[in-house]
Amino acid sequence: MDIDLGLEGNVALVTGSATGLGHACAEAFSRQGAKVALAAPNLDDLAYASDRLHALGEGEIFGLELDVRDPDHLGALVEETVDQYGGIDHLVTGPRPLEPERFLDVSNEDWFRGFDRLFMSVVWAIRESAAHLEASDQGTVVNVANPAIPALAEELSVATAYGRAVQGLVESQATAFAPDIRVNAVVPGPHETADLEELLARRVDAGEFADLTSAWDAVLADCPYESPGQPLDLGKVVTFLSSQHASFVNGATVPVDGGSGL
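Residues numbered from 1 in each chain as written. Predicted model: local features only at pLDDT ≥ 70, side-chain atom pairs only at ≥ 80, totals over all residues. Heavy atoms only, no water.

### Some points on unusual backbone geometry
A cis amide bond links A178 to the next residue, P179, at an omega of 0°. Among the structural elements, P179 can be located in the loop between α5 (157-177) and β6 (181-188). (Helix = DSSP H or I, 4+ residues; strand = E, 2+ residues; numbered from the N terminus.)

This is the structure:
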């Protein structure tokens, strides 16, 4: 049974929430009885995510198809969320990384695409939501930064660079918005997601590993645990940081990596 974090009836807007870690954050809020606004670029994924949360959670759910690289889309999402639920208490940003590429293979276009998707989307989401979060008596932002996985660092150069930038944004905004809005971040390590499984499968196909087991062994080599993290457990960390139980936690970047970064 989940611990009651006092989030029932709160409104949580979660970007990148149809799949992966973003979806796990949305699920964690829904299980707490929060009203959740989902956002994702793929309508089929969004419909599946909405149906799944309706079956699993306790709170209300609605979803909107959007491109996080477009500030007008994010503005429309915020407006629709307020229309549906009357306000916004919690913002969670979790844009999915670009397709993995080694540093010297990343095109100029992909660096700029990554900038909009992984960094500016966070800026725009906070900017569009800020007035509503300030109007709440428990406004919070939690940014799910891009995964920090040492074994894959070479192929996740874009995600790593902009993930660090998001952490810097957390530090500045935590001071700028306090005490009305608390701003924190989590940095995931290896979690059992379809995106990571697909990346490892491609490396197996390329002959870098004999099979998926050896690929996972390499990813977990820096981690004291023998298996990857479960996405919902990361979602529970995000809901805790969004709750009044973490009312004096502000400007923090919390690693959720099993000790991989130690």
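Back to the write-up after that little detour.
### Comments concerning the side chain of S50
Of note, S50 is situated in helix α2 (residues 43-56). Beyond its immediate stretch of four places on either side in the chain, S50 contacts L38, I61 and G63. (Contact = heavy atoms within 4.5 Å.)

### With respect to the pairing of strand β2 (residues 35-40)
Burial of β2 is extensive: five of the six residues sit out of reach of the surface. Handedness of the crossover joining strand β1 (residues 11-15) and β2 through helix α1 (residues 20-31): right-handed. Alignment of β2 against strand β3 (residues 61-65), held across five bridges, turns out to be parallel. Bridge pairing links V36 to I61 in β3. Assessed by its sense of winding, the connection that carries the chain from β2 through α2 to β3 is right-handed. (Buried < 20%, exposed > 50% of the residue type's maximum accessible area, 1.4 Å probe, protein only. Right-handed = clockwise from strand over helix to strand, strands pointing away. Pairing = 2+ DSSP bridges.)

### Here's the deal with the side chain of T193
Looking at the element boundaries, T193 is found in the loop between β6 and α6 (194-205). Of the polar contacts made by the side chain of T193, one reaches the backbone nitrogen of L196; its length is 3.3 Å. Residue contacts for T193: discarding those within four places in its chain leaves G20, L21 and P231. (Polar contact = N/O pair within 3.5 Å; in protein donor to acceptor, adjacent residues only side chain to side chain.)

### Concerning the pairing of strand β4 (residues 90-93)
Neither face of β4 is exposed, since H90 and V92 on one face and L91 and T93 on the opposite face are all buried. Bridge analysis of β1 against β4 gives three bridges, and the strand direction is parallel. The residue of β4 that forms the bridge with L13 is L91. Examined bridge by bridge, β4 and strand β5 (residues 139-144) share four bridges and lie parallel to one another. In the sheet register, H90 faces β5, and the bridge partner there is T140.

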